[in-house]
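# Geometric and topological summary
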Amino acid sequence: MTTIAVIGGTGFLGRHVVARLQSAGLTVRALSRRNGFDARNANPELLRGVDAVVNLAGIKREEGGQTFQAVHVDLVHALVAAMKSAGVRRLIHSSVVVARPAQDLPYHDTKWKGEEVVRSSGLEYTILRPGVIYGEGDDMLSHLSLMIRTSPVFPIVGRGLAPMRPVDARDVAEAVLRALRVPCSGKTYDVVGPDPLKLRDVVRTVARALKLPLLICPTPIALMRLPVLIMERVMAKPLSTRAQLAMLAEGLDGNPEPARTDLSLTTSPFTVTRIRPMLPNFTREVSGRSFGSLLALAIVAMAIALGAGGDRWMGMTVAMGILLIGSLTLPAARNRLKPSVSRIVGGIAAGALLFLLTLPAVALLFRIQPSWEAFARSLYAWRSGHSPLFIAATLPMIVLAEEVLWRGVVVRFLVERWGTLLGVLAAALIYSAAHWAALNPVLLIAAVGCGLYWGLLYSATDDLITPFVAHLTWDVLLLFAFPVVH
């Protein structure tokens, strides 16, 4: 064999298969919807002159005309007809380990029906049944990484005991090559990892590879169906689909022995060392030394500015000026100060929303603790003695310094090590603690709430302009446009 057609050759698995076949000296024709090969246009001319066909076409959710029936069954019918017309006899067909007749599970059912089309085709075929496939740029590792980085609490399907044997995409590509070279017509092989794992083991391995803490929370599958349905309908790349949820609840187990015996295929274990280089790039941009130095300087500067009495506005201006200069020495903060119209508009909207949330929160706080209104009034007193021009010039600098330091350095450092929610929460508590010298409970509460809001805004946008504009908008509305106390 010298020339192979790969259906679905431009997808995640297809790229690995094409690369492996080419490295083995084969000529590859990568066919897909992108170059017009689908169930409605399985052009035999595209297959003429090839020695074999590898079918990797598959979807995890239905979208428009791309239904399970169309991709998993109708395409296979069309492909078989096109192969016969083009005189091609050898077919390697990729299915899945959970394929079986199941009318209530359309993914499983159509995968099985596709296999049946292949088995009754009269072609020389081999069916490969991978388990859950992982590799650089995949859905599995990227989605797990995102969820683990977002929250230290992971809602797992059921109790997380479903059996799993994750398989490296490169091992699946190797299985395809060996199936092409070894006489194995009419055979079906599971292509799975060597070690039996549980779903919770897989999730913990990814967390360890990320070096992030994780608490796994058992979740009934019934509670997951609605969120998964919503994600499937509204997200371009949903974290999970209904088909994937069903597979995670059932498990994706298989028997690696037949492929090991017939194809001499040895698959790789799912380990921290193996998967860490495949995880989405999220480098640590703030070192522990830089974080510690700037945090210590910030706490001392804030204590001096807030606790020394006298002109606190001037004290904040001087302290924040020093901290702004120090924080801008770090590229992690400096490189995220890139203004754009969308970021500025988004920041204004976010600041206005926070102000609208602040009004009922302040009213409730004063109702619970009427005496705290005096603490709020004392905050407004900081601006007295200064002209509007001076305040207009210094307020943006103070706000910018706080965002660059507390979000660009402190939040960044903690999120890199603890994940989004835990990192943002810890940063908000430190941000509040840095205001402790003011001995003002209203300020401390506001610092926690605003620290959470701006920290999440920064993490969501990976940008400092949006939280800076939001912070400035909130300050202007609360301190000058619509003060809550007079």
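On a predicted model such as this, the values are computed, not experimentally measured, just so you know.

Attention now goes to the overall build of the protein chain. Scanning the protein chain from terminus to terminus reveals 19 helices and 12 strands. What you see for the protein chain is a C-alpha radius of gyration of 29 Å, clearly larger than the 23 Å of a compact globule of 486 residues, by over 25%. Structurally, the protein chain occupies a C-alpha span of about 90 × 40 × 40 Å along its principal axes. Long-range contacts, defined here as pairs at least 24 residues apart, represent 79% of the contacts in the protein chain between residues at least 6 apart. Of the roughly 21700 Å² of accessible surface on the protein chain, 62% is carried by carbon and sulfur atoms. For the protein chain, the distance from the average position of its 49 positive side-chain charges to the average position of its 34 negative side-chain charges is 3 Å.

Moving on, we come to the pattern of salt bridges. This structure, assessed with the given rule, holds 24 salt bridges. For the salt bridge of R242 with E232, the shortest nitrogen-to-oxygen distance reads 3.1 Å. In this pair, R242 sits in helix α8 (residues 242-250) while E232 sits in helix α7 (residues 221-234), placing the two residues 10 residues apart along the sequence. Judged by relative accessible area, which is 43%, R242 ranks as partly exposed. Beyond isolated ion pairs, a larger network of salt bridges with shared partners links E285, R336, R412, E416, R417 and D462.

For the rest of this paragraph, the subject is the side chain of E416. Mapped onto the elements of the fold, E416 is located in helix α16 (residues 388-418). Overall, the relative accessible area of 3% leaves E416 in the buried class. Here R417 takes part through its side chain, which lies 3.2 Å from a polar atom of the side chain of E416.

On the surface, a cluster of positive charge is contributed by R15, R33, R34 and K237. Of note, R15 is situated in helix α1 (residues 12-23).

Pairing of strand β1 (residues 3-7) with strand β2 (residues 27-31), which is carried by five bridges, proceeds in the parallel orientation. Bridged to I4 within β2 is V28. Crossover β1 to β2 through α1 is right-handed.

Helix α17 (residues 420-433) packs onto α16 with a crossing angle of 140° between their chain directions and a minimal axis gap of 8 Å. Relative to α17, the element α16 is oriented oblique. Where α16 crosses over α17, the handedness of that crossing is right-handed. Here E402, W406, R407, V410, V411, L414, V415 and W418 of α16 lie close against α17, whose contacting residues are T420, L422, G423, V424, A426, A427, I430 and Y431.

A word on the nonpolar core. Of all hydrophobic cores here, the largest spans 66 residues; its most connected members are L47, V53, L141, I148, V203, V206 and F270. Counting residues per element, this core draws most heavily on helix α2 (residues 68-86), at 11 residues. Here L47 is in contact with A5, R29, L31, F37, V53, L79, A82, M83, A86 and V88, once residues within four sequence places are set aside.

One pass over the structure, following the stated rule, counts six aromatic pairs. Consider the rings of F355 and F482, whose centres lie 5.9 Å apart with planes at 35°: the pair is tilted. Of this pair, F355 sits in helix α14 (residues 341-368) while F482 sits in the segment after α19 (465-481), and the two are 127 residues apart along the sequence. Over the ring of W112 we find R119, and its NZ or CZ is 4.7 Å from the ring centre. Seen from the ring of Y431, R407 lies directly overhead, with NZ or CZ sitting 4.6 Å from the centre.

Let us look at α17. An α-helical segment advances 3.6 residues per turn. Residues three or four places apart therefore align on the same side. Helix length check: α17, at 14 residues, gives a terminal C-alpha distance of 20 Å against a target of 20 Å (1.5 Å per residue), a fit within 8%. All of the buried residues along α17 are T420, G423, V424, A426, A427, A428, Y431 and S432. For α17, the elements touching its buried residues are α4 (139-150), α16, α18 (441-461) and α19.

Right, let's talk about the sheet that holds strand β3 (residues 52-55) for a bit. Each strand in a sheet pairs with its neighbour through backbone hydrogen bonds, running either in the same direction (parallel) or in the opposite one (antiparallel). Strands sit in the order β2-β1-β3-β4-β5-β10 across an open sheet of six strands; the sheet is parallel. Because the sheet does not close on itself, it has two edges, and the strands there are β2 and β10 (187-191). For this sheet, the mean angle separating the axes of adjacent strands, direction not counted, is 20°. As defined by bridge partners, strand β5 (residues 124-130) adjoins β10 across five bridges and the pair is classed as parallel. What sits directly across from L128, in β10, is Y189. The strands that α2 touches are β1, β3 and β4 (90-94); relative to β3, the one it contacts most, it runs at about 175°.

Here the focus is α18. In this model α18 runs 30 Å from its N-terminal to its C-terminal C-alpha over 21 residues, within 8% of the 30 Å that 1.5 Å per residue would give. Summarising the contacts, the buried residues of α18 are in contact with α14, α15 (373-380), α16, α17 and α19. Directly after α18, the chain includes D462, whose backbone phi takes a positive value near 50°.

Let us look at the side chain of S32. Its place among the elements puts S32 in the loop between β2 and β3. Side-chain polar atoms of S32 contact the side chain of T10, separated by 3.3 Å. Not counting residues within four places of it along the chain, the set of residues in contact with S32 comprises G8, T10 and F37.

Relative to each other, helix α12 (residues 312-327) and α16 sit at 45°, their axes nearing to 8 Å. By the angle class used here, α12 and α16 are oblique. Viewed along their axes, α12 and α16 form a crossing whose handedness is left-handed. Mapping the contact onto sequence places W313, M314, M316, T317, M320, G321, L323, L324 and S327 in α12 and F390, I391, T394, L395, M397, I398, L400, A401, E402, V404, L405 and V409 in α16. Across the contact of α12 with α16, the residue classes tally to 16 nonpolar, four polar and one charged.

The rules behind each value
Residues numbered from 1 in each chain as written. Predicted model: local features only at pLDDT ≥ 70, side-chain atom pairs only at ≥ 80, totals over all residues. Heavy atoms only, no water. Helix = DSSP H or I, 4+ residues; strand = E, 2+ residues; numbered from the N terminus. Rg over C-alpha atoms; globule rule 2.2 N^0.38 Å. Contact = heavy atoms within 4.5 Å. Areas by Shrake-Rupley, 256 points an atom, 1.4 Å probe, with all protein chains shown as cover. Lys, Arg positive; Asp, Glu negative; His and termini not counted. Charge placed at Lys NZ, Arg CZ, Asp CG, Glu CD. Salt bridge = Lys/Arg side-chain N within 4 Å of Asp/Glu carboxyl O. Buried < 20%, exposed > 50% of the residue type's maximum accessible area, 1.4 Å probe, protein only. Polar contact = N/O pair within 3.5 Å; in protein donor to acceptor, adjacent residues only side chain to side chain. Patch = residues over 30% accessible without salt bridge, like charges linked within 9 Å, V, L, I, M, F, W, Y side chains within 5 Å. Pairing = 2+ DSSP bridges. Right-handed = clockwise from strand over helix to strand, strands pointing away. Axes fitted to C-alpha atoms, helices over the stretch in contact; angles between N-to-C directions. Parallel < 35°, antiparallel > 145°, perpendicular 65-115°, else oblique. Left-handed = near helix turned anticlockwise from the far one by under 90°. Core = buried A, V, L, I, M, F, W, Y, C linked by side-chain atoms within 4.5 Å. Phe/Tyr/Trp six-rings, centres within 6.5 Å; stacked < 30°, edge-to-face > 60°. Lys NZ or Arg CZ within 6 Å of the ring centre and 35° of its normal. Expected span 1.5 Å × (residues − 1). Nonpolar A, V, L, I, M, F, W, Y, C, P; charged D, E, K, R; others polar.

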